[in-house]
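What follows is each chain in one-letter form.
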Amino acid sequence: MENTGDRERRLKWFKEARFGMFIHWGLYSQLGRHEWVMNRERIPIEEYEKLADTWHPRPNVAREWARLAKEAGMRYMVMTTKHHEGFCLFDSKLTDYTAVKRGPGRDLVAEYVEAARAEGLRVGFYYSLMDWHHPDGARCKFNEAARRRFVDYIHGQVKELCTNYGKVDILWYDVNWPLTPEEWEAEKMNAMVRSLQPDIIINDRSGLPEDFGTPEQHITPAKEGRAWEVCMTFNDSWGYTPIDTNYKSAWTVISMLRQVAAGGGNLLLNIGPAPDGSVPEPCIRALREVGEWLRKYGASIYDASDPMEQEWMITGGFTRKGNIVYFHCNRWPGNQLAIGGLRNKVLRARFMGGDDIRFTQEKDRLVLYDLPTLPPEPLDTVIELEVEGTPRQ
Ligand code: FHN
């Protein structure tokens, strides 16, 4: 039975990191339609496998991703080592359907690990349990011999990933269809992972709760203080889609970060690089702007949170570190601003890194006065409230 003290020790960096880069990259990137293209378009395996020999990514693209992640204020990365298509971006003794033995001709996971570490970022491995390429990937549900072979294959690959790449910080399982955790022998698999990587944190998608929850596309804070991380696409697909124009803006990402921080969770924001590894321009532009905002206001995001049941108000929301409450303003109503929901007596109000603000407080309602009539972009405004008990500077 996992002891919570050890879990809190292992989760400490993760909870403070707040913001990570998800990377979906694979054979599907060449088709530029969706990472589920093999399934959605019913492409026969022998047809789809040809993509394994036409994929020739540029060298060292992972370093470009790691530099961008760092510039964006991200503290960790999670890359697909194998998505549902079954193609392994890592070296494996259990299959020849790998980046080393086919088109790329090199270990793309090793390159990614080296790049992330070179930029001081934590390393996460995404690994899909569902596998459309393995002959037993579906019949394992109804045939014990097939289940045995498939479970041994999956456990064997997870062992390779936890053995051959040095320290791994996150194991990010995905889609455990078609087996139950018992049929996966998930307890045994995760115990093996922890024996090889004692500090690792494991998500909840092997079917066991493990260390953190993984809501997807919707900010859904976990209850009872359990660690959680919401994963989001940058546009409408996890994989590369050249025609998709619906990329999130920097302000949208900042707003998501503030809501995630308020709820005490993490944001794992996805990029779907082109087949050659290039990052779509709209991601680069937005991530650079997010990084700029975090360099100014990161203290109100990284290790500040306020997981009280706060209705995410139109005007904005709170995060908190000790007795400093940060108010992130969403909408700027003019030269006065009323903020509700405060649980402490306010001693001082000021723009974060800026001037003091005149205020009055009635119970939990604070009114700020003489605000600039033409304020900077509302999302660019973080108000810092020193509440009762903070040693005054
Ligand atoms: O089917 C996958 C999908 O392609 C993508 O990898 C997401 C990322 O969280 N996970 C599954 C859908 O939940």
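- As annotated in an unreviewed UniProt entry, the protein carries the name alpha-L-fucosidase and comes from Caldanaerobius fijiensis DSM 17918.
- As its UniProt record puts it under Sequence similarities (unreviewed entry), the protein is described as follows: "Belongs to the glycosyl hydrolase 29 family."
- What UniProt records for the protein under Function (unreviewed entry) is the sentence "Alpha-L-fucosidase is responsible for hydrolyzing the alpha-1,6-linked fucose joined to the reducing-end N-acetylglucosamine of the carbohydrate moieties of glycoproteins."

**Overview of the UniProt feature "domain: Glycoside hydrolase family 29 N-terminal" (unreviewed entry) in the protein**
Inference 1: UniProt records the feature "domain: Glycoside hydrolase family 29 N-terminal" (unreviewed entry) for residues 9–298 in the present numbering.
Inference 2: Helix makes up 37% of residues 9–298 and strand 12%, and the two end C-alpha atoms of the span are 23 Å apart.

**With respect to the pairing of strand E13 (residues 365–368)**
Inference 1: Alignment of strand E10 (residues 337–339) against E13, held across 3 bridges, turns out to be antiparallel. Across the sheet, the residue bridging to Ile339 is Leu366, located in E13.
Inference 2: One ladder, built from 4 bridges, connects strand E12 (residues 359–362) with E13; its direction is antiparallel. Considered in E13, the bridge of Glu362 is made with Arg365.
Inference 3: Counting the residues that bridge the hairpin from E12 to E13 gives 2 residues, and of these Lys363 lies at a positive phi of roughly 50 degrees.

**A few points about the sheet that holds strand E4 (residues 170–174)**
Inference 1: Pairing is parallel across the open sheet formed by 7 strands, whose spatial order is E5-E4-E3-E2-E1-E7-E6. With partners counted over all chains shown, the strands left at the sheet margins are strand E5 (201–202) and strand E6 (229–232), one partner each.
Inference 2: As paired strands, E6 and strand E7 (residues 266–271) are joined by 4 bridges and run parallel to one another. In the sheet register, Glu229 faces E7, and the bridge partner there is Asn266.
Inference 3: Running over the sheet, helix H9 (residues 186–196) touches E4 and E5 and is turned about 160 degrees from E4.
Inference 4: Sheet contacts for helix H11 (residues 281–297): strand E1 (19–23) and E7; angle to E1, the most-contacted strand, approximately 165 degrees.

**A look at H9**
Inference 1: Within the sequence span of H9, burial applies to Ala186, Met189, Asn190, Met192, Val193 and Arg194.
Inference 2: Contacts made by the buried residues of H9 are with helix H1 (4–17), helix H7 (144–163), E4, helix H8 (181–184) and E5.

**Observations concerning the UniProt feature "site: May be important for catalysis" (unreviewed entry) in the protein**
Inference 1: The positions UniProt marks with the feature "site: May be important for catalysis" (unreviewed entry) are Cys231.
Inference 2: Take Cys231: its relative accessible area is 0%, and that puts it in the buried class.
Inference 3: When neighbours within four sequence positions are excluded, Cys231 is seen to be in contact with Phe22, Trp172, Arg205, Pro215, Glu216, Gln217, Trp238 and Leu268.

**Concerning the site of the ligand**
Inference 1: Surrounding the ligand, one finds 14 residues, the nearest of these being His24, Glu35, Trp36, His84 and Asp174.
Inference 2: Take His24: an N or O atom from its side chain is 2.7 Å from an oxygen atom of the ligand.
Inference 3: Here Glu35 contributes a side-chain N or O atom positioned 2.6 Å from an oxygen atom of the ligand.
Inference 4: When the ligand is considered free in solution it has 320 Å² of accessible area, and contact with the protein chains removes 87% of it.

**Description of the sheet that holds E12**
Hydrogen bonds along the backbone pair up the strands of a sheet, which may run parallel or antiparallel.
Inference 1: The sheet built from 3 strands is open, its strands ordered E10-E13-E12 with antiparallel pairing. Two strands in the sheet have a free side with no partner beyond their single neighbour: E10 and E12. Shown here is a sheet whose adjacent strand axes are inclined to one another by a mean of 15 degrees, direction ignored.

**Points about the domain arrangement of the protein**
Inference 1: What the domain assignment reports for the protein is domain 1 (4–302) and domain 2 (316–387).
Inference 2: Relative placement of domain 1 and domain 2: their C-alpha centres are 37 Å apart.
Inference 3: Each side of the interface is counted separately: domain 1 has 11 residues, and domain 2 has 11 residues.
Inference 4: Between domain 1 and domain 2 the total buried area reaches about 1,100 Å² when both faces are included, carbon and sulfur atoms providing 58% of it.
Inference 5: Seen at the junction of domain 1 and domain 2, the total is 0 salt bridges.

**Here's the deal with the pattern of salt bridges**
Inference 1: Applying the stated criterion across every chain yields a total of 38 salt bridges.
Inference 2: Among the salt bridges present, the one from Asp53 reaches Arg102, with a minimum N-O distance of 2.8 Å. With a gap of 49 residues between them, Asp53 in helix H4 (residues 51–54) and Arg102 in the loop between strand E2 (76–82) and helix H6 (108–118) connect regions that are remote in the sequence.
Inference 3: Connected through shared salt-bridge partners, Asp6, Arg7, Arg9, Arg10, Arg194, Asp199, Glu210 and Asp211 make up one network.

**Describing the side chain of Asp211**
Inference 1: Within the secondary structure layout, Asp211 lies in the loop between E5 and E6.
Inference 2: On the basis of relative accessibility, which here comes to 1%, the residue Asp211 falls in the buried class.
Inference 3: At a separation of 2.8 Å, a polar atom in the side chain of Asp211 contacts the side chain of Arg194.
Inference 4: Contact partners of Asp211, with chain neighbours within four places excluded, come to Arg7, Arg10, Leu11, Arg194, Ile200, Ile201, Ile202, Arg226 and Ala227.

**Some details on H1**
Inference 1: In a regular helix each residue adds 1.5 Å, so 14 residues correspond to 20 Å; H1 covers 20 Å between its end C-alpha atoms and thus fits that length.
Inference 2: Of all the bends found along H1, the most pronounced is centred on Leu11 and spans about 45 degrees.
Inference 3: Of the positions making up H1, those classed as buried are Arg7, Arg10, Leu11, Trp13, Phe14 and Ala17.
Inference 4: Arg18, located one to two residues past H1, shows a positive phi value of around 70 degrees.

**So, the confidence of the model for the protein**
Residues shown with low pLDDT carry predicted positions that ought not to be read at fine detail.
Inference 1: In this model, the protein carries a mean pLDDT of 92, and residues with pLDDT of at least 70 account for 93%.
Inference 2: Here the predicted complex carries an ipTM of 0.99, next to a pTM of 0.93.

Basis of the calculations
- Residues numbered from 1 in each chain as written.
- Predicted model: local features only at pLDDT ≥ 70, side-chain atom pairs only at ≥ 80, totals over all residues.
- Heavy atoms only, no water.
- UniProt positions renumbered as here; feature names shortened; annotations may be inferred.
- Helix = DSSP H or I, 4+ residues; strand = E, 2+ residues; numbered from the N terminus.
- Pairing = 2+ DSSP bridges.
- Contact = heavy atoms within 4.5 Å.
- Axes fitted to C-alpha atoms, helices over the stretch in contact; angles between N-to-C directions.
- Buried < 20%, exposed > 50% of the residue type's maximum accessible area, 1.4 Å probe, protein only.
- Near = heavy atom within 4 Å.
- Polar contact = N/O pair within 3.5 Å; in protein donor to acceptor, adjacent residues only side chain to side chain.
- Areas by Shrake-Rupley, 256 points an atom, 1.4 Å probe, with all protein chains shown as cover.
- Domains from an automatic or database assignment.
- Buried area = accessible area lost by both parts, 1.4 Å probe.
- Salt bridge = Lys/Arg side-chain N within 4 Å of Asp/Glu carboxyl O.
- Expected span 1.5 Å × (residues − 1).
- Bend = angle between axes of the 7 residues up to and from the residue.
- pLDDT = per-residue confidence, 0-100.

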